[in-house]
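Here is what each chain is made of, one letter per residue.
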Amino acid sequence: ATGPGVSVLWPIADSPMMIPYALYAILLSLPMIACLPRRRLAFARGFAALLTVAVFALAVVPTSASAHRIAMGTYVRGFEDSPGLLDRYAGDVGRAPAIIDTFKRWDVAPFYPPELHEIASRGAVPMISWEPWTSDDHGFSLAALAHGRYDRFVRRSAREAKKWGGPILLRFGQEMNGSWAPWQRGRNGTTGPRFVAAWRHMVKVFRQEGADNVYWVWCPYVSNGLNPFMDFYPGGRWVNWIALDGYNWGE
């Protein structure tokens, strides 16, 4: 038995019902005692008692892992228009998220103050998933981005972030090693070096504008042999946080 207990029906079935270690130890010791000869009964009772106490102690003493909290994040569809959805989510899970993600395409301003305020007022850090395409799925050339063609938009966005002042996680072009969006591998002329050049150029522009409150999140799709991602890594000087996306495809 490992973890907080043992599945009652394992290995016959994966049951969500779990029982405490102490009860499990007692139930385990009873058939052992019943099967022993009478002359060994006293010894078995003492052994079972010690086993129960030891297992119970292991169950109640907190481990180093349980002493640490995890910063849970979330994306709640529609919260941009109905911020109350964030409160409903926190109530449902019994805990307020530390990070709240929102998706922004390049035909809208990425840093919208009222939206950022709704997130920050709940004690969370906003994460902007900044996707270089429009609402009609038109992609922007990363090569052109790297050469400054979109600097006007990028600089304006950097100034807006700086004006906001609070910490912002900026996740640009996530899953860049995939092949299902215009900024990804094999799409719209995108390669690893072009993505890296575009990323570094944008970081440089934000730094020139003094938007030091923006933290850059590099987030590839999980490498499963078909989606290598190291060619897309801009380097430690240009990345503040590393993330990883993976999907459960229901199989």
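Refer to the structure presented above.
Residues numbered from 1 in each chain as written. Predicted model: local features only at pLDDT ≥ 70, side-chain atom pairs only at ≥ 80, totals over all residues. Heavy atoms only, no water.

**With respect to the sheet that holds strand E5 (residues 125–131)**
Heads up, the rule is: What makes two strands pair is DSSP finding at least two bridges between them. A run of H or I in DSSP counts as a helix once it spans at least four residues, and a run of E counts as a strand once it spans at least two, with each numbered from the N terminus. Any two residues whose heavy atoms approach within 4.5 Å at even a single point are treated as in contact. Lines fitted to C-alpha atoms define the axes here, with helix axes fitted over just the stretch in contact, and angles between the N-to-C directions of these axes take values from 0 to 180 degrees.
The strand order across the open sheet formed by six strands is E3-E4-E5-E6-E7-E8, and the pairing between neighbours is parallel. Edge positions in the sheet fall to strand E3 (73–74) and strand E8 (241–242), since each of these pairs with one other strand and no more. Where E5 meets strand E6 (residues 168–172), four bridges bridge the pair, whose relative direction is parallel. If you follow Met 127 over to E6, its bridge partner there is Leu 169. Its contacts with the sheet place helix H4 (residues 113–120) against strand E4 (99–105), E5 and E6, and it is angled at close to 140 degrees to E5.

**Remarks on a positive patch on the surface**
Quick reminder of the rule: Within the patch definition used here, like charges are joined within 9 Å and nonpolar side chains (Val, Leu, Ile, Met, Phe, Trp, Tyr) within 5 Å, considering only residues with over 30% relative accessible area and no salt bridge. Exposure was quantified through the Shrake-Rupley algorithm and a 1.4 Å probe, taking into account, for residues, occlusion by the shown protein chains and nothing else. Salt-bridge detection follows one rule: a side-chain nitrogen of Lys or Arg within 4 Å of a carboxyl oxygen of Asp or Glu. Asp and Glu count as negative and Lys and Arg as positive, but His and the ends of the chain are not part of the count. Lysine's charge is taken at NZ, arginine's at CZ, aspartate's at CG and glutamate's at CD.
A surface patch of positive charge is lined by Arg 200, Lys 204, Arg 207 and Arg 237. Summarising the element assignment, Arg 200 is placed in helix H7 (residues 192–208).

**Here we look at the pairing of strand E7 (residues 214–218)**
Quick note on the threshold: Burial here depends on accessible area, computed with a 1.4 Å probe over protein chains only, as a share of the maximum for the residue type. Under 20% is buried, over 50% is exposed, and the range in between is partly exposed. With the strands pointing away from the viewer, any crossover whose connection runs clockwise from the first strand over the helix to the second is right-handed.
Among the five residues that make up E7, four are buried, leaving the element largely enclosed by the rest of the structure. Inspection of the sheet shows E6 paired to E7 by three bridges, in the parallel sense. Bridge pairing in E7 places Leu 170 opposite Trp 216. Remark: the E6/H7/E7 crossover connection has right-handed handedness. Here E7 runs beside E8; their pairing, made up of two bridges, is parallel. Directly across from Trp 218, in E8, lies its bridge partner Ile 242.

**Looking at the environment of Tyr 75**
Tracing the sequence through the fold places Tyr 75 in the loop between E3 and helix H3 (84–93). Here Tyr 75 falls in the partly exposed class, since its relative accessible area comes to 32%. Put simply, Tyr 75 and Leu 86 are 11 residues apart on the chain and 9.0 Å apart in space, counted from C-alpha to C-alpha. Ignoring sequence-local partners within four residues, the contact set of Tyr 75 consists of Glu 80, Asp 101, Thr 102 and Phe 103.

**Observations concerning the pattern of salt bridges**
Tallied over the full model, the rule gives eight salt bridges. Its salt-bridge partner being Glu 115, residue Lys 104 comes within 3.1 Å of it at the nearest N-O pair. A residue pair is termed long-range when its members are at least 10 positions apart, and Lys 104 in strand E4 and Glu 115 in helix H4 qualify at 11 residues. With respect to burial, Lys 104 and Glu 115 carry one shared label: buried. The partner of Arg 159 in a salt bridge is Glu 209, and the shortest N-O contact between them spans 3.2 Å. Here Arg 159 is found in helix H6 (residues 151–164), whereas its partner Glu 209 is found in the loop between H7 and E7, with 50 residues between them in sequence. Arg 159 gets classed as partly exposed once you look at its relative accessible area, which sits at 45%. A single network of salt bridges, built from pairs that share partners, joins Asp 87, Glu 118 and Arg 122.

**Quick look at the nonpolar core**
In summary, soluble globular proteins display a tendency toward joint burial of nonpolar side chains. In plain terms, the rule: Only buried Ala, Val, Leu, Ile, Met, Phe, Trp, Tyr and Cys residues count toward a nonpolar core, and they belong to the same one when joined by side-chain atoms within 4.5 Å.
Trp 106, Phe 172, Trp 199, Phe 206 and Trp 216 are the most contacted members of the largest nonpolar core, which has 36 residues in total. Listed by contribution, the elements that provide at least two residues to this core are E5, helix H5 (142–146), H6, E6, H7 and E7. The dominant element in this core, judged by the number of residues it contributes, is H7, at seven residues.

**Brief notes about the environment of Asn 240**
As a reminder, the rule being used: Each polar contact in these results corresponds to two N or O atoms within 3.5 Å; when the atoms are within protein, one needs to be able to donate a hydrogen and the other to accept it, and residues that are neighboring in sequence are counted only if both atoms are side-chain atoms.
Tracing the backbone through its elements, the reader meets Asn 240 in the loop between E7 and E8. In this structure Asn 240 comes out as partly exposed when scored by relative accessible area, which is 41%. Spatially, the C-alpha atoms of Asn 240 and Trp 216 are 5.2 Å apart, while their sequence positions differ by 24 residues. Apart from the residues lying within four places of it in its own chain, the contact partners of Asn 240 are Val 214, Tyr 215 and Trp 216. Looking at Asn 240, its side chain comes within polar contact range of the main-chain nitrogen of Trp 216, at 2.8 Å.

**Examining a nonpolar patch on the surface**
A surface patch of nonpolar side chains, about 340 Å² in accessible area, is lined by Leu 23, Ile 26, Leu 27 and Leu 30. Looking at the element boundaries, Leu 27 is found in helix H1 (residues 21–34).

None of the figures reported here should be taken as evidence of function without further support.
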